[in-house]
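Summary of structural features
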Amino acid sequence: GENVEQHPSTLSVQEGDSAVIKCTYSDSASNYFPWYKQELGKGPQLIIDIRSNVGEKKDQRIAVTLNKTAKHFSLHITETQPEDSAVYFCAARYDMRFGAGTRLTVKP
Amino acid sequence: GAVVSQHPSWVICKSGTSVKIECRSLDFQATTMFWYRQFPKQSLMLMATSNEGSKATYEQGVEKDKFLINHASLTLSTLTVTSAHPEDSSFYICSARSSEVYNEQFFGPGTRLTVL
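Presented here is an overview of the structure given in this document. (Residues numbered from 1 in each chain as written. Chains lettered and ligands numbered in written order. Predicted model: local features only at pLDDT ≥ 70, side-chain atom pairs only at ≥ 80, totals over all residues. Heavy atoms only, no water.)

Residue and element names in this part refer to chain A. Reading across from one edge, β1-β3-β8-β7-β6 is the order of the 5 strands in this open sheet, with antiparallel pairing throughout. Both outer strands of the open sheet, β1 (4-7) and β6 (56-59), are each paired with one neighbouring strand and no more. If you compare each strand with its neighbour and ignore which way they point, the axes differ by 15° on average. As judged from the 6 bridges shared by strand β7 (residues 62-67) and strand β8 (residues 72-77), these two strands associate in the antiparallel manner. Across the sheet, residue N67 finds its bridge partner in β8, namely H72. (Pairing = 2+ DSSP bridges. Helix = DSSP H or I, 4+ residues; strand = E, 2+ residues; numbered from the N terminus. Axes fitted to C-alpha atoms, helices over the stretch in contact; angles between N-to-C directions.)

What follows deals with the side chain of T82(B). Residue and element names in this part refer to chain B. By secondary structure assignment, the location of T82 is in the loop between β8 (76-81) and β9 (90-98). A polar atom in the side chain of T82 sits 3.2 Å from the backbone oxygen of D65. Non-local contacts of T82, meaning those with residues more than four positions away in its chain, are made with T17, S18, D65, K66 and L68. (Polar contact = N/O pair within 3.5 Å; in protein donor to acceptor, adjacent residues only side chain to side chain. Contact = heavy atoms within 4.5 Å.)

The geometry of an aromatic ring pair is captured by two quantities: the separation of the ring centres and the angle between the planes. Taken as a whole and assessed by the stated rule, the structure comprises 12 aromatic pairs over all chains. A ring pair is formed by Y36(A) and F98(A), whose centres lie 5.7 Å apart and whose planes are at 50°; its orientation type is tilted. Taken together, the residues Y36(A) in strand β4 (residues 32-38) and F98(A) in strand β10 (residues 97-98) connect sequence positions 62 residues apart. Both residues of the pair, Y36(A) and F98(A), count as buried. Measuring from ring centre to ring centre gives 5.6 Å for F98(A) and F107(B), while their planes differ by 75°; the resulting arrangement is edge-to-face. Of this pair, F98(A) sits in strand β10 while F107(B) sits in strand β10 (residues 105-107), placing the two residues on different chains. With relative accessibility at 6%, the residue F107(B) sits in the buried group. Here the aromatic cluster, defined as three or more aromatic residues joined through ring pairs, consists of Y36(A), F89(A), F98(A), Y36(B) and F107(B). (Phe/Tyr/Trp six-rings, centres within 6.5 Å; stacked < 30°, edge-to-face > 60°. Buried < 20%, exposed > 50% of the residue type's maximum accessible area, 1.4 Å probe, protein only.)

This paragraph deals with the sheet that holds β8(B). Residues and elements named next belong to chain B. The strand order across the open sheet formed by 4 strands is β1-β3-β8-β7, and the pairing between neighbours is antiparallel. Either end of the sheet is taken by a strand with one partner, and the two such strands are β1 (4-7) and β7 (67-73). Pairs of neighbouring strands in the sheet enclose a mean axial angle of 15°, with direction left out of account. Taken together, the 6 bridges between strand β3 (residues 19-25) and β8 define a ladder with antiparallel strand orientation. Opposite V19, over in β8, you have V81 as the bridge partner.

The subject of this paragraph is the pattern of salt bridges. Once their charged atoms are close, side chains differing in charge can pair, the charge on each being opposite to the other. Residues and elements named next belong to chain B. Summed over the entire model, instances satisfying the criterion amount to 6 salt bridges over all chains. Note that E22 and R24 form a salt bridge whose closest N and O atoms lie 3.4 Å from each other. Relative accessible area serves as the criterion here: at 33%, R24 is assigned to the partly exposed category. Between D88 and K66 there is a salt bridge; the shortest N-O distance is 2.9 Å. One end of the pair, D88, is in the loop between β8 and β9; the other, K66, is in the loop between β6 (57-58) and β7, with 22 residues separating them in the sequence. Overall, the relative accessible area of 5% leaves D88 in the buried class. (Salt bridge = Lys/Arg side-chain N within 4 Å of Asp/Glu carboxyl O.)

Turning our eyes to something else, we now look at the pairing of strand β5 (residues 45-51) of chain B. All names here are of chain B. Counting buried positions over the 7 residues of β5 gives 5, a clear majority of the element. For strand β4 (residues 30-38) and β5, the ladder comprises 6 bridges, and the chain directions are antiparallel. Counterpart to Y36 in the pairing with β5 is L46. Connecting β5 to the next strand, β6, in antiparallel fashion are 5 residues, including G53 with a positive phi near 85°.

With 25 residues, the main nonpolar core has V4(B), W35(B), F67(B), L79(B), Y92(B) and L113(B) as its most contacted residues. Breaking this core down by element, the ones donating at least two residues are β2 (10-13), β3, β4, β5, β7, β8, β9 and β11 (111-115) of chain B. (Core = buried A, V, L, I, M, F, W, Y, C linked by side-chain atoms within 4.5 Å.)

Further remarks concern the side chain of T102(A). All names here are of chain A. In this structure, T102 sits in strand β11 (residues 102-107). Within the structure, the side chain of T102 is placed 2.5 Å from the backbone oxygen of P8, a separation counted as a polar contact. Beyond its immediate sequence surroundings of up to four residues, T102 is in contact with Q6, H7, P8, S9, L11, I21, A86, V87 and Y88.

So this is what it looks like as structure tokens:
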């Protein structure tokens, strides 16, 4: 099955800085790569996704890049705000096996 | 976006009892639903995948007789934790994949189960 690795496990940035979280996957057949944000005590919320026929996708302060050759994809958050503090999960393929998660803390 | 609900949001039960958790897709049809378990400060672990009208597919190490899954309609899946024990205490989250939008999945808010 698919193996998804996520780094870093924790990330602390100053408000206004950028944050980057990276995931690698093993199955070259994977064709869908979503990113989820989970706040304490809540279910994950889809924040952005990318399909294998696209290299980059952007939605305001959030962007995702995909390198199919290297089998990795990254989440980029610019101009971070305290409300961006949460745990972020990546996933690969349709059966939604998650990475280990990254706890992002944005310091005001 | 599409909405997935779970009920109850939290439940406390005695050891040895069974608990049923419902997962509903409110404004779309879900041919496939997934059940996850999440322990504190850990990632979501896929427990099983259920397709409407057929038996669920369980992940390795998940006891199908203990975690009963029923996906009776395109908008409802249930997870029953039978003979619950304290080690079953966890955050259970369902997700539903839309039959209309390829690959997109939407998660419920989760159910916190505490077994005394």
